[in-house]
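Spelled out, the chains give:
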Amino acid sequence: MKHSRIVITGIGLTAPNGNSLAEFRKNLLNGVSGVTTIDVRYMGRHPAGMCTFDPLKYQKKKDVRIGTRVGGISIYCAREAVADSGLNLETRDKSRIGIYLGITEHGNVETENEVFNISQFKYDTKFWTHHHNPRTVANNPSGEVSLNLGITGPAYTIGAACAAGNMGLIHAAQMLRLGEVDLALAGGVSESPQTFGIFAGFKSQNALASHEDPKKASRPFDQARNGIVIAEGGCIYTIERLEDAQARGAKIYGEIAGYHVNSDATDYVLPNPERQAQCVRKAIANAGMTVEDIDLVNTHATSTPQGDIQECLAIAEVFKSRSTPPHINNTKSFIGHTMGAAGALELAGNLPSFDDLMIHPTINVDTLDPQCDIPGLVINHPVTAKRVCSILNNSFGMLGINSTLIIKRFAA
Amino acid sequence: MTKDNCKKLVIDIISDIAPDEDLSAIKPEIRLRDQLQLDSMDFLDIVMELRKRHGIEVPEADYGQLASLESCAEYLTPKFGTAKA
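Residues numbered from 1 in each chain as written. Chains lettered and ligands numbered in written order. Predicted model: local features only at pLDDT ≥ 70, side-chain atom pairs only at ≥ 80, totals over all residues.

Caption draft 1: Spatial organisation of the domain arrangement of chain A. Residue and element names in this part refer to chain A. What the domain assignment lists for chain A is domain 1 (6-247) and domain 2 (257-405). Taken residue by residue, the interface counts 57 residues in domain 1 and 51 residues in domain 2. Broken down by secondary-structure element, the contributors of at least two residues to the side of domain 1 that touches domain 2 are β1 (6-14), α1 (21-29), β3 (44-49), β4 (97-103), α7 (164-177), β6 (183-190), β7 (230-231) and β8 (233-241). No other element matches α7, which puts seven residues into the side of domain 1 that touches domain 2. Here the residues of the side of domain 1 that touches domain 2 sort into 30 nonpolar, 21 polar and six charged. (Domains from an automatic or database assignment. Contact = placed C-beta atoms within 7 Å. Helix = DSSP H or I, 4+ residues; strand = E, 2+ residues; numbered from the N terminus. Nonpolar A, V, L, I, M, F, W, Y, C, P; charged D, E, K, R; others polar.)

Caption draft 2: Fine view of helix α6 (residues 140-149) of chain A. Residue and element names in this part refer to chain A. α6 sits mainly inside the fold: eight of its ten residues count as buried. All buried positions along α6 are accounted for by N140, P141, S142, G143, E144, V145, S146 and N148. Elements that come into contact with the buried residues of α6 comprise α3 (69-85), β4, α5 (132-136), β5 (155-159) and β6. Phi turns positive, to about 65 degrees, at G150, one or two residues after α6. (Buried ≥ 20, exposed ≤ 12 C-beta atoms within 10 Å, placed from the backbone.)

Caption draft 3: Structural context of the confidence of the model for chain B. Averaged over every residue, the pLDDT of chain B is 94; residues scoring 70 or more account for 96%. The ipTM for the predicted assembly is 0.94, set against a pTM of 0.97. (pLDDT = per-residue confidence, 0-100.)

Caption draft 4: Representation of the sheet that holds strand β10 (residues 296-298) of chain A. Residue and element names in this part refer to chain A. Sheet architecture is open: ten strands sit in the order β5-β4-β6-β8-β1-β9-β15-β14-β10-β11, paired in mixed fashion. Only two strands of the sheet have a single neighbouring strand rather than two, namely β5 and β11 (327-329). Strand-to-strand, the axes of this sheet are offset by a mean angle of 25 degrees, without reference to chain direction. Relative to strand β15 (residues 401-408), strand β14 (residues 390-397) is paired through eight bridges, and the arrangement is antiparallel. (Pairing = 2+ DSSP bridges. Axes fitted to C-alpha atoms, helices over the stretch in contact; angles between N-to-C directions.)

Caption draft 5: Fine view of the nonpolar core. A:L169, A:A184, A:I239 and A:A348 are the most contacted members of the largest nonpolar core, which totals 111 residues. The two domains that each donate at least three residues to this core are domain 1 (6-247) and domain 2 (257-405) of chain A. Dropping the residues within four chain positions of it, A:L169 is found in contact with A:A186, A:G187, A:Y237, A:I239, A:I256, A:A344 and A:L405. In terms of nonpolar packing, the next biggest core, distinct from the first, is built from 14 residues, B:L9, B:V10, B:L32 and B:V47 among them. (Core = buried A, V, L, I, M, F, W, Y, C linked by C-beta atoms within 7 Å.)

Caption draft 6: Just the pairing of β3(A), in detail. Residues and elements named next belong to chain A. With six bridges joining them, strand β2 (residues 35-40) and β3 adopt antiparallel strand pairing. Residue pairing in the sheet places T36 in a bridge with A48 of β3. Pairing geometry for β3 and β7, over two bridges, is parallel. Residue pairing in the sheet places G49 in a bridge with A231 of β7.

See the structure below:
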């Protein structure tokens, strides 16, 4: 079966260190962290990655009040992506547009807020809001985009823990190839810092980052790393079949070359480097490539003591035959872990490498952990590559879900 | 509680429920839905805010009493005197 070629034609994003691709990229190359500290309900101040986009750019105040934070993030990213793509949705058949957004979780924020709300009224449930159910259904982020843009095609989320950002793009490619839609708005989104439960859960797991300087709290591969910085964010792409993109003279950021998704089936939280390596290898094969063809690997590493080592083991194993290793970097060191948005957002930060050949580093590595010292790691300062024709993007999640997505430089 | 004070409290609630609306020229006798962008969910919000802020219960059978600012004042003003807050 011959697959349609699938390309990226527009990008909209909000990250803790940038509200557009240009701003995000500039800060990644200049070593600018977006991590700050916030008050977490019941828990005091903790490092977190928070976005500063203007929700009222594309929503009315009432829509912001009724909707969710992640709905607002999704609308901002979707609108920015459409504007960037040059598409005029008003001339399109909106029933042929799909909205596929990866989420790590959804509903925690809104449920916690309501439980807190009724705690102010002696837990009398007559004070529980009627907005609770539309806010907490799992399709909420995509549904809010559908409402905002008047898109009547399929709009739903893909729950895949922290592998979800890649999954949005993968699912979009599959639906475009099946002919289910003609255009997809796809990526990943997260509002996780609004929920104390995720902070408390990671704290109880001894996996929540702490540091006197929040900008140094997320430090994958560093000897002193001590956990995850929870962050919000979003990144949504316009994805099209190549022939459609070319027919309208679209700008093409890159082509989806291949992907793979698998499961560890070994533990609720601990990663499995053997399955991760298998996921990477199968994605490379799916792209019709060999390990020699991969120029840049963006790691999932979340700054946990164990997880970073496991991923380094997997990457070292896959690329051990290379005489010159691919460049390897990490984005969470700048923005924390944006959960469902991570895969999509981290990919976006690297796509400009196709044009400028610059590789942004992983920052905050004061003392490289010897167990993370793998060939090709770009540490603290950007480097210029001789060639960037392919980017391999890893995103892994709890319950052992792994996703690898490979984007290649577009060549007609 | 006077009817005018009651109207002010209702407008305070509506300003939070419908923050994009200009409430400076609301006509008291005209149905709120005919002059503002309010839907059924917004009316449930108004009912909830009356409950939260003022301890006033509006049974579903009486929702029609909240149709206009004038009817709100007529219906709610006596309740302010008896609310448990």
